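# Understanding the architecture of this molecule
Here are the chains, one letter per residue:
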Amino acid sequence: MGHAGRIIGIVTAAALTLAGCGGGGSEGRRAGAPEQAELRVGVLPVHDVAPLYIAIEKGYFKAEGLTVTPEVMAHGTAGGLTELAGGGLDVILGNYMTVFTAAEKGAGDYVFIADCYQAGANGFNIVVKGDSPIDTPADLKGTTVALNAVDNIGGLALVHTLTDHGLPREAVEFVEVPFPEMAAAIAAGRVDAAWMTEPYLTYAQRQDGARTVLDTMAGDMKDFPVAGWTTTRAFTQDSPNAVAAFQRALGRAQAEAAADREEVRKVIPMYTRIDARTAAEISLGTYPTSMDATRLQRVPDLMLRLGFLRTKVDVAPMIAGPAR
């Protein structure tokens, strides 16, 4: 990869120690060499995970005695959780909705060891053709809207948008369409609108003349938590030093990503198919530098309110590390 970007300022002690492990008793709290030096980390080729690659490129994991090997998860978070449970991966990028759904179902004892990404302005929009008659959320009534997955953050954001504008969930027909195919589906009239994320938003606007109707991560969805670094509670108990080392190294990179977006934009083309021009144009969200139980609780609470969960999920016990 060969990236040699500059280190931003002096990273605070708090950011450097985004770490610490909730499980493992006094053994787990004592500093020491990682119990295992190689970690297999499940990722997706998205800009959310830029700090992981910054930490790899700048040697932050190496300085902690770790070799981190990213492995693209073919089946997203759901498949990644299965890999975690079976020991095929040690840590994964977990979208919060999928992890909370698994927690409610008792599918595994999963915990978050670091926050990763939260939504920013104009990164999760409802878009239409340039000449579409749809101008407001109310105009979506009776239309078909493309989502990459109904039971994921797109479905949650869209249902929230509908209810927030006085429309029932049934007012729109949801059609599952992969992100790379959404712009063509809109252009061909197979769907009336689509819920899109970056970089597909930028591509659709630049190449297909797509137009934004609404930013779904505005209002009370502003700064909505999207994904965090996830593992099993057993792993934090068996390898507390490895977890703490991962947290420290990632904390340095996360702080740099939060302080200087150019660090993110430079590294994105190295591990995604996003070209440098698009990486410079896409709307980026936020890279949190601490785990905040109150902020993360927003996700399962909204899922419960909108019918994506049946029972309340308490976030605090799922955080393995310092929380505010």
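Attention here is on the structure that accompanies the text.

### Comments concerning the packing of aromatic side chains
A full pass over the atoms with the stated rule returns 10 aromatic pairs. Measuring from ring centre to ring centre gives 5.5 Å for Phe179 and Tyr200, while their planes differ by 15°; the resulting arrangement is stacked. Of the two residues, Phe179 is situated in helix 8 (residues 179–187) and Tyr200 in helix 9 (residues 200–208); the sequence distance between them amounts to 21 residues. Since its relative accessible area comes to 15%, Phe179 is described here as buried. Where Trp229 meets Phe246, the ring centres are 6.2 Å apart and the plane angle is 75°; that geometry is what we call edge-to-face. Of this pair, Trp229 sits in strand 10 (residues 225–232) while Phe246 is found in helix 11 (residues 240–259), placing the two residues 17 residues apart along the sequence.

### Describing the sheet that holds strand 6 (residues 144–147)
Read across the open sheet, the 5 strands follow the order 7-6-8-5-9; overall the sheet is mixed. Across the chains shown, the open sheet's two edge strands, defined by having one partner strand only, are strand 7 (173–176) and strand 9 (211–215). The mean angle between the axes of side-by-side strands here comes to 35°, regardless of whether they run parallel or antiparallel. Along the sheet, helix 8 makes contact with strand 5 (124–128), strand 6 and strand 8 (193–197), crossing strand 8 at roughly 150°. Docked against the sheet, helix 9 engages strand 5, strand 8 and strand 9, running at close to 125° with respect to strand 8.

### A few points about the nonpolar core
Grouped together as the largest cluster of nonpolar side chains are 106 residues, with contacts concentrated most on Val41, Leu52, Phe100, Phe224, Trp229 and Phe246. The residues touching Leu52, leaving out its near neighbours within four places in the chain, are Val41, Val43, Phe61, Val68, Pro70, Trp229, Phe246 and Leu250.

### Focus: the sheet that holds strand 4 (residues 110–118)
Read across the open sheet, the 5 strands follow the order 2-1-3-10-4; overall the sheet is mixed. Every other strand in the sheet has two partners, leaving strand 2 (67–72) and strand 4 as the edge strands with one partner each. In this sheet, adjacent strand axes meet at a mean angle of 30° when their direction is disregarded. Alignment of strand 3 (residues 91–95) against strand 10, held across 4 bridges, turns out to be antiparallel. From the neighbouring strand, Leu93 faces strand 10, where its bridge partner is Trp229. In the packing of helix 3 (residues 50–57) onto the sheet, the strands contacted are strand 1 (38–43), strand 2 and strand 10, and the crossing angle to strand 2 comes to about 145°.

Thresholds applied
Residues numbered from 1 in each chain as written. Predicted model: local features only at pLDDT ≥ 70, side-chain atom pairs only at ≥ 80, totals over all residues. Heavy atoms only, no water. Phe/Tyr/Trp six-rings, centres within 6.5 Å; stacked < 30°, edge-to-face > 60°. Helix = DSSP H or I, 4+ residues; strand = E, 2+ residues; numbered from the N terminus. Buried < 20%, exposed > 50% of the residue type's maximum accessible area, 1.4 Å probe, protein only. Pairing = 2+ DSSP bridges. Axes fitted to C-alpha atoms, helices over the stretch in contact; angles between N-to-C directions. Contact = heavy atoms within 4.5 Å. Core = buried A, V, L, I, M, F, W, Y, C linked by side-chain atoms within 4.5 Å.

Taken by themselves, the reported measurements are silent on function.
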